[in-house]
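# Fold and contact review
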Amino acid sequence: MITLLYAGLCTLLVVFLAVRVALWRFRHKIGIGDGGDRELLKRVRAHANAIENMPLALILLGGMEL
C-alpha cells in the first residue's frame, strides 16, 4: 500500500517535470534536442534522472514492504 502511494507521488513528479520541459520548448521554439539552451538541458536531465531512478527505488520499496 505504501509503495502505491509513493508510485502515485512519483508519477505526479514525472508529469510535472515533463510539463516543465514541454512548456520551455514551446516558449523558446525548440523542437528537437536542446538547441544549445542550458536551462532546457537542465530541465531535460532532471526529467530523465527521475525516469531512470524512480523505477528501481519503487521496486526496492515494494520489496521492503513485502
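Coordinates for the structure precede this section.
These remarks concern the structure in this document. (Residues numbered from 1 in each chain as written. Predicted model: local features only at pLDDT ≥ 70, side-chain atom pairs only at ≥ 80, totals over all residues. Heavy atoms only, no water.)

When you go through the protein residue by residue, the secondary structure sums to two helices and zero strands. Taken against the 2.2 N^0.38 rule, which gives 11 Å for 66 residues, the C-alpha radius of gyration of the protein at 15 Å runs more than 25% over that of a compact globule. In terms of overall dimensions, the protein has a C-alpha envelope of 45 × 15 × 15 Å along the principal axes. Taking all 66 residues of the protein together, 21% fall into the buried category. Taking all contacts inside the protein whose residues are at least 6 apart in sequence as the whole, residues at least 24 apart take part in 50%. Only carbon and sulfur atoms are counted for the fraction: they give 72% of the accessible area of the protein, which is about 5000 Å². In the protein, 8 side chains carry a positive charge and 5 a negative one; their mean positions are 9 Å apart. (Helix = DSSP H or I, 4+ residues; strand = E, 2+ residues; numbered from the N terminus. Rg over C-alpha atoms; globule rule 2.2 N^0.38 Å. Buried < 20%, exposed > 50% of the residue type's maximum accessible area, 1.4 Å probe, protein only. Contact = heavy atoms within 4.5 Å. Areas by Shrake-Rupley, 256 points an atom, 1.4 Å probe, with all protein chains shown as cover. Lys, Arg positive; Asp, Glu negative; His and termini not counted. Charge placed at Lys NZ, Arg CZ, Asp CG, Glu CD.)

Turning next to helix H2 (residues 38-65). Every α-helical turn comprises 3.6 residues, leaving residues that sit three or four positions apart pointing alike. Taking 1.5 Å per residue, 28 residues should reach 40 Å; H2 reaches 40 Å between its end C-alpha atoms and fits that length. Within H2, the axis deviates most sharply at Asn 53, by approximately 30°, and proline Pro 55 lies no more than four positions further along. Along H2, the residues classified as buried are Leu 40, Arg 43, Ala 48, Ala 50, Met 54 and Gly 62. (Expected span 1.5 Å × (residues − 1). Bend = angle between axes of the 7 residues up to and from the residue.)

By size, the foremost hydrophobic cluster in this structure holds five residues: Cys 10, Val 14, Leu 17, Ala 50 and Met 54. If you list the elements that add at least two residues to this core, you get helix H1 (2-28) and H2. In terms of residue count, H1 provides more of this core than any other element does, three residues in total. Those residues in contact with Cys 10 that sit more than four places away from it in its chain are Met 54 and Leu 58. (Core = buried A, V, L, I, M, F, W, Y, C linked by side-chain atoms within 4.5 Å.)

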